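Residues per chain, in single letters:
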Amino acid sequence: MPSPAAANPFAPRVYGTLERLSPRVAVWRNIVNSTIFIGDHSIAVVDTQVNQALAKRLRQRLQDEFRKPVRFAINTHYHWDHTNGNSVFAEAGATLIANRDTVDFMVSKAPRQKQFLASRGFDLGPDPLLPTVMAEDCGPLDLGGLTLHLSRGAPAETVDPTLVWCPEERVLVAGDTVMTGSFPIFGQPSQREGLENDGWLAALDEVRSFAALHVSPGHGPVADVAALAVLERIIRWFLTEVRRHHAAGRDLPATIAAIEHELPPWIRAIPEVWGTPRYAVLRVWAGLVQLGEPGWHHCKPSAIPEQKPGSIGADLAAWRDATNSALEGGDQALAVGCARGATVVFPDQPAAWTQLAAVLIQVSRSIASVLEKGDCFDAARRALNRALTIDPAYGPALLQLGQFHVMMAYRNGDDPTVGERHLAAALEDDRLTPRHRAEIAFYRGMAERTKGNETAARQRYAQAQQADPTFMPARLALL
Ligand SMILES: [Zn+2]
């Protein structure tokens, strides 16, 4: 989603925009879409957002704009980003609806899903509230002058899709069977699902058979015929190319290398948000070769660049200087190598582990895909845990942890409380430098900004500037 944040990474954000398809249909666009149907007497929400904080924003927006009760909240499939806000709509009186497999998967696939997402840096929060009405048992849902027909879709990203069809408006909600605007994520990389064979192509034919005026996708802009054709073209390309390399006897690393090398310009031009060509190769590969456990994430080469440094002086400061000059010279691989080298030579120094985490977070900024960034987040989190095992009161490590959680919440519109707790704990350490104090004040400001408390946020940024006038992010945040 293009936003002013692209220019200023700390600017106040708008979480979700309501796009009208017609007077009676809208899509709340965010990292995931919720489709809204507004009947004469009630509203239905299809997919309930990625976290409860966003679901509350959406609920408030619908209340302000339409002043009608949300009577139904429907999940198109079990994935966390489509179900996490369920309780927020149930609290408002909505009946939660999904098919039986979706409800089953929301429980049975949850542990593996959570483990995977935690490894990508996502804090899933409370488990989603389970739907109590099964789509199989529903007749058309009546919103007053508008009806919704729920049907079981052919397997695509998951095997449990529910399609939601509104005949009066000729709108089809396709869930993650259709993704537009960025490289698709072809199934959750820790599950046995997704682009395994030609099934997804059949699912697209089924979507087309509705002859809808608008197809609302799980992610990305509302789809027309051309957008469906692009998705089909991507799917066909990866199915064909990966099968070709496999048939030629290449192994997985060789196939990834070859395909990443020969990606045509029209695929390279697709922005990456979640999915990447590499994940697509792995996904198709997992349909050809038994990989030992569900999913293919465990076979993905790390996105972290690393190059071992030459000899470096005998104290930690020399390693820190080498790391910083590598960063300043734009050599991220060498910076990671130096920072990691320091943790090998000084494994009992929390400062070494904290610096490694800081370098990894910096490296993550040059990786587009949220899932690929997770390689850095996961390694950074482990480094910080190590620092805090050595010294649980080590302020700089607590600051890093707090910064990480607050900035994740800021980007995803989530609740920043966990990050704020770490920042408050960091302040207890009396070894902090003025720069550390500036950073703590600044990230507390970002937490306030995430919650929409602009006055409190600006007070924190001013505090940060007082603590260290050279700390630029505080100045940027105040613009
Ligand atoms: Zn999704």
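Read on for a plain summary of the structure. (Residues numbered from 1 in each chain as written. Predicted model: local features only at pLDDT ≥ 70, side-chain atom pairs only at ≥ 80, totals over all residues.)

Section: the overall build of the protein
From N to C terminus, the protein includes 19 helices and 12 strands. In summary, the protein has a C-alpha radius of gyration of 24 Å against a globular reference of 23 Å for 479 residues, a match within 12%. Seen through its C-alpha atoms, the protein measures out along the principal axes to roughly 70 × 60 × 35 Å. With 479 residues in all, the protein has 51% of them scored as buried. Within the protein, contacts between residues at least 6 apart in sequence are counted, and of these 66% link residues at least 24 apart. (Helix = DSSP H or I, 4+ residues; strand = E, 2+ residues; numbered from the N terminus. Rg over C-alpha atoms; globule rule 2.2 N^0.38 Å. Buried ≥ 20, exposed ≤ 12 C-beta atoms within 10 Å, placed from the backbone. Contact = placed C-beta atoms within 7 Å.)

Re helix α15 (residues 395-412)
Look at α15: 26 Å from first C-alpha to last across 18 residues, which is about the 26 Å you get at 1.5 Å a residue. Of all 18 residues that make up α15, 15 are buried, and the element is covered over most of its length. Trailing α15 by a residue or two, Gly 413 shows a phi angle of about 65 degrees, which is positive. (Expected span 1.5 Å × (residues − 1).)

Thoughts on the environment of Gly 452
Its location among the elements puts Gly 452 in the loop between α17 (434-451) and α18 (454-467). The spatial distance from the C-alpha of Gly 452 to the C-alpha of Ile 38 is 28 Å, given a sequence separation of 414 residues.

Points about the nonpolar core
Ile 36, Phe 37, Ile 43, Ala 44, Ile 74 and Val 281 are the most contacted members of the largest nonpolar core, which totals 81 residues. A per-element tally of this core places helix α10 (residues 277-288) first, with 7 residues. Counting residues domain by domain, this core receives three or more from each of domain 1 (4-231) and domain 2 (237-299). Other than its neighbours up to four places away in sequence, Phe 37 contacts Arg 24, Val 25, Ile 43, Ala 44, Leu 143, Leu 146, Leu 148 and Cys 166. Among the nonpolar cores identified, the runner-up in size contains 54 residues, and Ile 304, Ala 342, Val 406 and Ala 441 belong to it. (Core = buried A, V, L, I, M, F, W, Y, C linked by C-beta atoms within 7 Å. Domains from an automatic or database assignment.)

Looking at the packing of helix α11 (residues 316-328) against helix α12 (residues 332-345)
The N-to-C vectors of α11 and α12 enclose an angle of 165 degrees; their axes lie 7 Å apart at closest approach. On the basis of the axis angle, α11 is roughly antiparallel to α12. Helix-helix and strand crossings are classified by hand; for α11 and α12 the assignment is left-handed. For the pair α11 and α12, the contacting residues are Leu 316, Trp 319, Ala 322, Thr 323, Ala 326 and Leu 327 in the first and Leu 334, Ala 335, Cys 338, Ala 339, Gly 341, Ala 342 and Val 345 in the second. Here the residues of the contact of α11 with α12 sort into 11 nonpolar, 2 polar and no charged. (Axes fitted to C-alpha atoms, helices over the stretch in contact; angles between N-to-C directions. Parallel < 35°, antiparallel > 145°, perpendicular 65-115°, else oblique. Left-handed = near helix turned anticlockwise from the far one by under 90°. Nonpolar A, V, L, I, M, F, W, Y, C, P; charged D, E, K, R; others polar.)

So, to be careful, I would describe these as geometric facts and stop short of saying anything about function.
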